[in-house]
Amino acid sequence: MSPKTPSKLEKILRAGHRAVTSECGPPRGSDPAHIVHKAQLIQRHVDAINITDNQTSVCRLCSLAACIRLKLMGLEPVLQMVVRDRNRIALQSDILGAASFDIHNLLCLSGDHQRFGDNAQGQNVFDLDSMQLLQTVRRMRDEGKFLGGDPVQRPPAMFVGAAANPFADPFEIRVPRLAKKVAAGAEFIQTQCIYNLERFEKWMELVRDRGLHEKVFILAGVTPFKSAGMARYMKSKVPGMDVPDEVVKRMAGTPKDKQAEEGITICVETIQRLKAVEGVAGFHIMAIEWEERVPEIVERAGLFPRPTV
Amino acid sequence: MIVAERKPIEEILGQVKQVRSVLVLGCNECVTVCEAGGKKEVGVLASALRMLFLQQGREVNVGERTLERQCDTEYLEEIRDMIDAFDAVVSLACGVGIQFTAERYPSKAVYPGVNTCFMGAALERGVWSERCQGCGSCILAATGAVCPITRCAKRLLNGPCGGSTAGKCEISKDVECAWQLIIDRLKALGRLEDYERLSPIKDWSTDRAGGPRKIIREDLRS
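Just so you know, these numbers come straight off a predicted model, no measurement behind them. (Residues numbered from 1 in each chain as written. Chains lettered and ligands numbered in written order. Predicted model: local features only at pLDDT ≥ 70, side-chain atom pairs only at ≥ 80, totals over all residues. Heavy atoms only, no water.)

S.K.: So what about the overall build of chain B? Which residues, and what values?
M.R.: Each helix and strand in chain B was counted, giving eight helices and nine strands. Computed over the C-alpha atoms, the radius of gyration of chain B is 22 Å, more than 25% above the 17 Å expected from 2.2 N^0.38 for a compact globule of 222 residues. Oriented by its inertia axes, the alpha-carbon framework of chain B measures out at about 65 × 45 × 25 Å. Per-residue burial for chain B yields a buried fraction of 41% across its 222 residues. Sequence separation of 24 or more characterises 60% of the internal contacts of chain B that already satisfy a separation of 6 or more. Approximately 12100 Å² of chain B is accessible, and the part contributed by carbon and sulfur atoms is 52%. When the 30 positive and 30 negative side-chain charges of chain B are each reduced to one mean point, those points stand 2 Å apart. (Helix = DSSP H or I, 4+ residues; strand = E, 2+ residues; numbered from the N terminus. Rg over C-alpha atoms; globule rule 2.2 N^0.38 Å. Buried < 20%, exposed > 50% of the residue type's maximum accessible area, 1.4 Å probe, protein only. Contact = heavy atoms within 4.5 Å. Areas by Shrake-Rupley, 256 points an atom, 1.4 Å probe, with all protein chains shown as cover. Lys, Arg positive; Asp, Glu negative; His and termini not counted. Charge placed at Lys NZ, Arg CZ, Asp CG, Glu CD.)

Next up, the structure:
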């Protein structure tokens, strides 16, 4: 199918290339140098860069402004948008704001609950949920209409994505839930960090059984461990994360000064194995505050150079 | 029912520090059932206030009364004859009763003796849990009679989110995941295929978002 938007990410995926995306968290301040530096570290090794939207509910420079920075650098941003903080007026307005800077990728998310962040006493919005945000942006793009029904002048030309967590509970609805997101308009998916490969492969099998891999591009999410401590933390403290004991053991059994290397190696091995899984259309590398190691992961995983489209 | 919690006595004392007489006014409805503002709690609070006023060397007349309902003008009329004997009222009714009492007696200061918390039910003695947020447009038919607006911390109409783990919500291991409950219910009813129906974007204008709400039933008006 030919691309429906000017998105480079969409072009790469529709051309049949394995896509590689990564993500950067904006700073807790107004200095743009931070985001520019992070992007420079990875720009040659990824096709598009997600900018997180106040992740874990910790207040940061806004995703939209950081995405504009990337555009000014000639890069391809993926605007992450959570429905926690904005109602349907603000969401539609920000979609138009992003479109006015020709930001062509949007990732629709619920967002972590605010109790995890630095404003736990705040109100949350959740006027729409992530699926309804997908529907909203697709309506704006495909029908050229606001939710209220009025026409949108110069509709947003956005490639629309969503997250999927194959590891959250209950497992039996994880694939139906993906089907729902596809029905709501998702064109690409970035998954939660994958450490339990068996469970992910089982999920992909169920995805293929329903033919969903032919309707949506699935980018497998990976995050390298910096240390055994991080592995333990991800296993026990991060909701919806599935880190098998043997992975924690492998990190813990590595001498402290070699744990970072081991974390990178596990990440590369994960990508290598998942490359063979039918329906995995690419990889989303979430190197949390560790962007400098992304190029090495991409190269060692055999995903470099990146295609030009 | 409406579930309320008793306010700390220090906070109530702070509210009535200027008064020379105060009526502690209970309610026989919800706050009696949840043991926050019925006749028993009126007695306990009035006794405590008398003792504390005495310790402070203040002569304060503390009265006690519990009405059938404070959210009904008819019952509020029952204190018309006695209210002049008091400067102020500490109402142990829910926020509705507190405001209705104040509306009925505009010259009296009315203070809250409880924090009104939610619409819920008792899971067991001493444990109450929220069940309804009064959104004004019930969707329970689609969700196996489990309300995601009330019971999902993100009020997701198409849940669960990625934070659902072993049946629990990401905000706390003590909070059940509403969508796990919905899925379990749908399964028990043989309706799991309903899960894949997208819940439409909700019209929140019948909710708090639409402004203060009012219902007018012409057929009942005299």
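Back to the write-up after that little detour.
S.K.: Would you mind going over the environment of B:Ser107 in detail, with residue names and values included?
M.R.: Note that B:Ser107 resides in the loop between helix H6 (95-104) and strand S5 (109-112). The spatial distance from the C-alpha of B:Ser107 to the C-alpha of B:Trp179 is 49 Å, given a sequence separation of 72 residues.

S.K.: Break down the sheet that holds strand S8 (residues 280-285) of chain A for me, citing the residues and quoting the values.
M.R.: The strands making up a sheet are joined through hydrogen bonds of the backbone, oriented either antiparallel or parallel. Residues and elements named next belong to chain A. Read around the closed barrel, eight strands run S1-S2-S3-S4-S5-S6-S7-S8, paired in parallel fashion. With strand direction ignored, the average angle separating the axes of adjacent strands in the sheet is 30°. By the bridge criterion, four bridges tie strand S4 (residues 105-109) to strand S5 (residues 159-164) in an arrangement that is parallel. Bridge pairing links Leu107 to Gly161 in S5. Sheet strands in contact with helix H2 (residues 33-42) are strand S1 (19-24) and strand S2 (48-51), and its direction is about 155° off that of S1. Relative to strand S3 (residues 77-82), helix H3 (residues 63-72) is tilted by about 175°, and along the sheet it contacts S2 and S3. (Pairing = 2+ DSSP bridges. Axes fitted to C-alpha atoms, helices over the stretch in contact; angles between N-to-C directions.)

S.K.: Any chance you could break down the interface of chain A and chain B for me, citing the residues and the numbers?
M.R.: Counting residues at the interface gives 34 residues for chain A, matched by 30 residues for chain B. Taking both sides of the interface into account, the surface hidden between chain A and chain B amounts to around 2600 Å²; carbon and sulfur atoms contribute 51%. On the chain A side of the contact with chain B, A:Phe126, A:Asp169 and A:Lys180 bury the most area, a combined 21% of that side's loss. Across the contact surface, chain A and chain B share two salt bridges. One salt bridge in this structure joins A:Arg210 and B:Glu196, with 2.5 Å as the shortest N-O distance. The interface formed by chain A and chain B contains 23 residue pairs in polar contact (both at pLDDT 80 or more). If you list the elements that add at least two residues to the side of chain A that touches chain B, you get helix H5 (130-143) and helix H6 (174-184) of chain A. (Buried area = accessible area lost by both parts, 1.4 Å probe. Salt bridge = Lys/Arg side-chain N within 4 Å of Asp/Glu carboxyl O. Polar contact = N/O pair within 3.5 Å; in protein donor to acceptor, adjacent residues only side chain to side chain.)

S.K.: Describe in detail the packing of aromatic side chains, supporting the description with residues and values.
M.R.: Going through the model one piece at a time under the given rule, you end up with four aromatic pairs over all chains. Here the guanidinium or amino end of A:Lys180 rests over the ring plane of B:Tyr195, the centre of that ring lying 4.3 Å away. Positioned above the aromatic ring of B:Trp204 is the side chain of B:Arg155, whose terminal nitrogen or guanidinium carbon lies 3.9 Å from the ring centre. (Phe/Tyr/Trp six-rings, centres within 6.5 Å; stacked < 30°, edge-to-face > 60°. Lys NZ or Arg CZ within 6 Å of the ring centre and 35° of its normal.)

S.K.: An account of the sheet that holds strand S2 (residues 21-27) of chain B is requested, with residue identities and associated values reported.
M.R.: Residues and elements named next belong to chain B. Spatial strand order, S3-S2-S4-S5: four strands in an open sheet with parallel pairing. If you trace the sheet from one side to the other, it starts and ends with strand S3 (61-67) and S5, each paired once. For this sheet, the mean angle separating the axes of adjacent strands, direction not counted, is 25°. Of the strand pairs in this sheet, strand S4 (residues 88-91) and S5 are connected by four bridges, and their pairing is parallel. In the sheet register, Val89 faces S5, and the bridge partner there is Val110. Where helix H3 (residues 39-55) meets the sheet, it contacts S2, S3 and S4, and its direction lies at approximately 175° from that of S3.

S.K.: Tell me about unusual backbone geometry, and name the residues and values.
M.R.: Most peptide bonds take the trans configuration, and most residues that are not glycine carry a negative phi. All names here are of chain A. Backbone torsion omega between Asp169 and Pro170 reads -15°, so that peptide bond is classified as cis. Secondary-structure assignment places Pro170 in the loop between S5 and H6. A cis geometry characterises the amide bond from Phe304 onward to Pro305, with omega recorded as 0°. Among the secondary structure elements, Pro305 is positioned in the segment after helix H11 (294-300). One non-glycine residue with positive phi stands out, namely Asn54, at about 45°.

S.K.: Lay out the pairing of S2(B) in plain terms, naming residues and giving numbers.
M.R.: Residue and element names in this part refer to chain B. Taken across its seven residues, S2 has seven buried, putting it largely inside the fold. Covered by surrounding structure in S2 are Ser21, Leu23, Leu25 and Cys27 together with Val22, Val24 and Gly26, the residues of both alternating faces. For S2 and S3, the ladder comprises seven bridges, and the chain directions are parallel. Along S3, the bridge assignment pairs Gly26 with Thr66.

S.K.: Pulling in residues and values, what's your account of the state of the cysteines?
M.R.: All names here are of chain B. Per the stated rule, a full pass over the model turns up zero disulfides over all chains. Summary of cysteine pairing: Cys117 is not part of a disulfide, and the nearest cysteine sulfur, belonging to Cys34, is at 8.3 Å. No disulfide involves Cys132; its sulfur sits 6.4 Å from the nearest other cysteine sulfur, which is in Cys147. (Disulfide = S-S within 2.5 Å.)

S.K.: So what about the nonpolar core? Which residues, and what values?
M.R.: Ranked by internal contacts, the top residues of the largest apolar core, which has 83 residues, are A:Ile49, A:Leu178, A:Phe200 and A:Trp203. When residues of this core are assigned to their parent elements, the largest contribution, six residues, is made by helix H8 (residues 178-188) of chain B. Setting aside chain neighbours within four positions, we find A:Phe200 in contact with A:Pro166, A:Phe167, A:Thr191, A:Ile194, A:Ala220, A:Leu274 and A:Val280. Counting 24 residues, the second-largest nonpolar core is a separate cluster that includes B:Ala4, B:Ala36, B:Leu49 and B:Val114. (Core = buried A, V, L, I, M, F, W, Y, C linked by side-chain atoms within 4.5 Å.)

S.K.: Describe the pattern of salt bridges, naming the residues involved and giving the relevant values.
M.R.: Inspection of the entire model under this criterion finds 47 salt bridges over all chains. One salt bridge connects A:Asp142 with A:Arg141, and the closest N-O pair in it is separated by 2.7 Å. A:Arg141 sits in the buried class, given a relative accessible area of 11%. Here B:Arg191 ties to B:Asp194 by a salt bridge, and the two come within 2.8 Å at their closest N and O atoms. On the basis of relative accessibility, which here comes to 24%, the residue B:Arg191 falls in the partly exposed class.

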